[in-house]
Number of protein chains: 2
Amino acid sequence: MQQCDTLILPGWCIPVEPDSQVLTDHAVAIDDGRIVDVLPARTARQTYKPGSVIDRPGHVLIPGLINAHTHAAMTLFRGFADDLPLERWLRERIWPVEKRWVSAEMVRDGTRHAIAEMLLGGTTCFSDQYFFPEIVAETAAAMHVRAMVGTPVINFPTPWANSASDCLARGTDLVHDRYAEHALISSCFAPHSVDTVSDAGFAELRIMADQLDVRVQIHLHESQAEIAASLKSTGLRPLERLSALGLVNSSLLVVHGVHLDAAEISQLSAARVSIAHCPRSNLKLASGIAPIARYVTGGINISLGTDGAASNNALDLFDEMKTAALLAKAIAQDATVVPAALALRMATMGGATALGLADNVGSIEKGKWADLTCVDLQHFRSLPLYDPLSQLVYAAGSQQVCDVWVAGRHLVENAELTQVDRNEVLARTSEWQRRIASRTAEKRNEQQR
Amino acid sequence: MQQCDTLILPGWCIPVEPDSQVLTDHAVAIDDGRIVDVLPARTARQTYKPGSVIDRPGHVLIPGLINAHTHAAMTLFRGFADDLPLERWLRERIWPVEKRWVSAEMVRDGTRHAIAEMLLGGTTCFSDQYFFPEIVAETAAAMHVRAMVGTPVINFPTPWANSASDCLARGTDLVHDRYAEHALISSCFAPHSVDTVSDAGFAELRIMADQLDVRVQIHLHESQAEIAASLKSTGLRPLERLSALGLVNSSLLVVHGVHLDAAEISQLSAARVSIAHCPRSNLKLASGIAPIARYVTGGINISLGTDGAASNNALDLFDEMKTAALLAKAIAQDATVVPAALALRMATMGGATALGLADNVGSIEKGKWADLTCVDLQHFRSLPLYDPLSQLVYAAGSQQVCDVWVAGRHLVENAELTQVDRNEVLARTSEWQRRIASRTAEKRNEQQR
């Protein structure tokens, strides 16, 4: 008998690699944070002497979901600015409230809330893009979740840094250097969008990204307005400008990519650029609907992101999987595109590939980190059960998540956080709500006087 | 002090009438199944001597949600035929499985499952369209939920009836006459679609609907293929044909209405026809995306439907509200259309109007039936809380439903069914799963031999 830390025995296991496979009566053995075996349950019981056995009949075990794009701390602005178009949403509501409230304390509290919410919804890894990335990294590491922490790069002064150069220097010192060897935290540069970074800023960014060998993520081709503004100010479409600046390569993660023409699809595919598709945010801000089936056919790797809670308004990858699959069908006028298996792949391996983590997470394979999510299918909304994969994507919801492990650590058990005091997190959120809401009411009164 | 059965004290109350109102610290008094008062909590405590007090701080009370279109019994086929286009979905999967399995027993069990699922998700009323409508009516009445039971009208023989005339006669006897005076059950005729009923069938249907003063609901302009087929066989678009047959009037409920041109929008608006918008089903079957903002501007009353669980795959009006609001914005390229208040209105008053029940349900107003849903907003995904209406639509999910009342009866309490044995319902569902799955496997084996 071999020793192992944990043996999980789910009703079904969907490893994602190989594609579309649904294993019945299989076990996953975990040791030292990694998956050491995927094998028939009967054999597993004869082979392993586990520290603990997690029996989950009627549940399906999947790779931990990967949120390829969010602004975690913005959970504190959830519902603060709804039913507004992107430009007004940003300029009239989000930027002013950020200017007033963003601080290390706010980022810590907002990120904690976001991580708790994501864990309870089966998300084990997120790619973040927000001010005070050193606080995001610290918070994620303390809560033992996986994160790619993006250092925002913006020309103008923000509550965190004074210029693009300042952003890059701080990101390098505070995030990259400190977490270079960390098992859970990786870092990247995250220029906000083409209109907030100068050519010189991008040039500097490229050199540093190359030196440090880190990835770059940027909001790109999110709206027609963004493309039109770029054409007007530079004569180039945003992707064209990035390309001219030498940034279009396999380290690039295009966030949104709603509007791409055929040549641009080919270009991204050839350069092995990934897209972080954020379907619900794109709908809510009326940015458009990305023709995902065409991107898939074109060979682009697609990952899924929730975007921030101020434009979604939940950090729920079950919602994104469903929305991505359903929207793709309607836009392609073909109900067979983006089937359940592909939607799940986008939320797992697609995300891992987009974040440069495909060797370590994204599927249930021997040798990878044990980032796992177990979903209870014995609910009214997912019964009867003819096909666990289909039911997982089209019927189940994040409320059915029962267990979550990150690098083998059991962070959610019986749908409750094991290592975080939910009341303490929510008390901090309430305090921020009180501050932000009262200040907003005050300002409204001032304006009325 | 006045007597009343129940006094509900939610943190917030959104009555829907008047529009967009959010009441803080208000109470709703219920007596004899009806809402007898909506008033400030403090006054309520001084005025009423209730049989029971339901204290729900941090929760929002809304009108019970109305599912304007479903095929309840089809929950037993949930996930049985995914990732297929409408025509193949119907002809290769759904119709054969229906031919084999539909029976009074199957409709009773499937409808029970659907009602349990809908109640737990805050839905208090549904409009159904399926075989054995007498069983649907009996089941809904026994479970004390509100239902408009549609008698299917189809020319060809089905497991339930032999012809359109047979359908009409049975619907009249078994459903309409029996439930004519029932407080919860109403009835209507539900021709499946224009291609399954002859002109003679429609003529007979019109006479009987007029005589009985019942409404008519029909799948109409769901897909471009349906419109093309109608043009080919009759030279008329489906709506044109119905119009020529005298069926386009305020008793008509157009189910889907995905593809309507400007003249058709005007026609429906002028005739005060309602639409049952089923956005998730339309996406999943790749039928298209209805331009709802144009319908709203055109003055058409919009209700929301889940359609059956075989094409959605959950009976969740929170999902439909969110999807309706988000999709409308993207299609109109305007993030301000279908704001939260309108999405909630579609799922409540819009539904009540579509089903001819607007005088009795759809809003929290004195004199209406106490069909109510209470939603717990103290969840990670709906905090912080700046605007309960926005949070309800854009962030909350059906899993946050805490209480449901229909005509004053407390059917869901602490997110659990009070009058239905959940295990007994799910055991029946499992039995159907076993039968249907084994027969399918058998047939597959036969084909392979």
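Quantities reported herein were computed from a predicted structural model and do not represent experimental measurements. (Residues numbered from 1 in each chain as written. Chains lettered and ligands numbered in written order. Predicted model: local features only at pLDDT ≥ 70, side-chain atom pairs only at ≥ 80, totals over all residues.)

Chemist: Account for the overall build of chain A, with residues named and values stated.
Modeler: If you tally the helices and strands in chain A, you get 15 helices and 17 strands. A compact globule built from 449 residues would reach a C-alpha radius of gyration of about 22 Å, and chain A, at 21 Å, matches this within 12%. Projected onto the principal axes, the alpha-carbon positions of chain A cover approximately 70 × 50 × 45 Å. A total of 449 residues make up chain A; the buried ones form 61% of that total. (Helix = DSSP H or I, 4+ residues; strand = E, 2+ residues; numbered from the N terminus. Rg over C-alpha atoms; globule rule 2.2 N^0.38 Å. Buried ≥ 20, exposed ≤ 12 C-beta atoms within 10 Å, placed from the backbone.)

Chemist: Got a sec to walk through the packing of helix H4 (residues 133-142) of chain A against helix H5 (residues 164-179) of chain A? Specific residues and values, please.
Modeler: Residue and element names in this part refer to chain A. Running from N to C, H4 and H5 point in directions that differ by 25°, and their axes come no closer than 9 Å. As far as their axial angle goes, H5 and H4 are roughly parallel. On the side of H4, the interface is formed by Pro-133, Glu-134 and Ala-137, while H5 contributes Gly-171, Leu-174, Val-175 and Tyr-179. Among the residues forming the contact of H4 with H5, the class breakdown is 5 nonpolar, 1 polar and 1 charged. (Axes fitted to C-alpha atoms, helices over the stretch in contact; angles between N-to-C directions. Parallel < 35°, antiparallel > 145°, perpendicular 65-115°, else oblique. Contact = placed C-beta atoms within 7 Å. Nonpolar A, V, L, I, M, F, W, Y, C, P; charged D, E, K, R; others polar.)

Chemist: Describe the nonpolar core, listing the residues and the values that go with them.
Modeler: If you look at the biggest cluster of nonpolar residues, it comprises 322 residues, and the most contacted ones within it are Ala-147, Ala-343 and Leu-344 of chain A together with Ala-147, Ala-343 and Leu-344 of chain B. Residues contacting Ala-343 of chain B, with those up to four places away along its chain left out, are Met-321, Ala-324, Ala-325, Val-338 and Val-393 of chain B. (Core = buried A, V, L, I, M, F, W, Y, C linked by C-beta atoms within 7 Å.)

Chemist: So what's going on with the environment of Ser-163 of chain B? Residues and values would help.
Modeler: Mapping Ser-163 of chain B onto the fold places it in the loop between strand S8 (146-153) and helix H5 (164-179). Along the sequence, Ser-163 of chain B and Gly-201 of chain B sit 38 residues apart, while their C-alpha atoms lie 8.9 Å from each other.

Chemist: Run through the relation of the copies chain B and chain A, naming residues and quoting values.
Modeler: The transform that puts chain B on chain A rotates by 180° and translates by 0.0 Å along the axis, for an RMSD of 0.0 Å. Taken together, the rotation and translation relating the two chain copies correspond to the operation of a two-fold axis. By C-alpha distance to the rotation axis, the residue of chain B lying nearest is Gln-399 of chain B, at 3.4 Å. Take the interface residues of chain B: 98% of them recur as interface residues in chain A, which is what a same-surface contact looks like. (Least-squares fit on C-alpha atoms with pLDDT ≥ 70 in both.)

Chemist: Can you break down the domain arrangement of chain A residue by residue, with the values?
Modeler: All names here are of chain A. Domains assigned within chain A are domain 1 (2-62 + 380-416) and domain 2 (65-354). If you average the C-alpha positions of domain 1 and of domain 2, the two centres end up 29 Å apart. Domain 1 puts 22 residues into the contact, and the matching count from domain 2 is 22 residues. Elements supplying a minimum of two residues to the side of domain 1 that touches domain 2: helix H14 (388-394), strand S15 (401-406) and strand S16 (409-413). By residue number, the principal contributor to the side of domain 1 that touches domain 2 is H14, which donates 5 residues. Residue composition of the side of domain 1 that touches domain 2, grouped by class: 15 nonpolar, 4 polar and 3 charged. (Domains from an automatic or database assignment.)

Chemist: For unusual backbone geometry, give the residues involved together with the corresponding values.
Modeler: Along the chain, Asn-312 of chain A connects to Asn-313 of chain A via a cis peptide bond; the corresponding omega equals 10°. On the secondary structure map, Asn-313 of chain A appears in the loop between strand S13 (301-304) and helix H12 (317-332). The linkage connecting Glu-17 of chain B with the following residue, Pro-18 of chain B, adopts the cis geometry, with an omega of -5°. Mapped onto the elements of the fold, Pro-18 of chain B is located in the loop between strand S1 (2-13) and strand S2 (23-24).

Chemist: Give me the sheet that holds S8 of chain B: which residues, what numbers.
Modeler: Residues and elements named next belong to chain B. Here we have 8 strands laid out as an open sheet, ordered S6-S7-S8-S9-S10-S11-S12-S13, and parallel in their pairing. Each edge of the sheet is formed by a strand with only one pairing partner; in this case those strands are strand S6 (65-70) and strand S13 (301-304). The sheet shows a mean angle of 25° between the axes of neighbouring strands, direction not considered. Bridge count for strand S9 (residues 185-191) against strand S10 (residues 215-220) is 2 bridges, and the pairing is parallel. (Pairing = 2+ DSSP bridges.)

Chemist: Quick rundown of the pairing of strand S3 (residues 26-31) of chain A? Include the residues and the values.
Modeler: Within a regular strand, the side chains alternate between the two sheet faces. All names here are of chain A. The buried fraction of S3 is high, at 5 of 6 residues. The pairing of strand S1 (residues 2-13) with S3 spans 3 bridges and is antiparallel. Note on S3: the bridge partner recorded for Leu-7 is Ala-29. Direction of pairing for S3 relative to strand S4 (residues 34-40): antiparallel, over a ladder of 6 bridges. Each residue of the ladder has a partner; that of His-26, found in S4, is Pro-40. Between the end of S3 and the start of S4, which pair antiparallel, lie 2 residues, with Asp-32 showing a positive phi angle near 55°.

Chemist: Just give me the short version of the environment of Arg-381 of chain B, but keep the residues and values in it.
Modeler: Inspection of the secondary structure assignment puts Arg-381 of chain B in the loop between strand S14 (372-376) and helix H14 (388-394). In this structure Arg-381 of chain B touches Glu-117, Ala-314 and Asp-316 of chain A together with Ala-395, Ala-396 and Gly-397 of chain B, once residues within four positions along its chain are discounted.

Chemist: Which residues make up the interface of chain B and chain A, and what are the values?
Modeler: Listed as interface residues are 53 residues of chain B and, on the opposing side, 52 residues of chain A. By residue number, the principal contributor to the side of chain B that touches chain A is helix H15 (residues 422-448) of chain B, which donates 6 residues. For the side of chain B that touches chain A, the class distribution of residues is 28 nonpolar, 14 polar and 11 charged.

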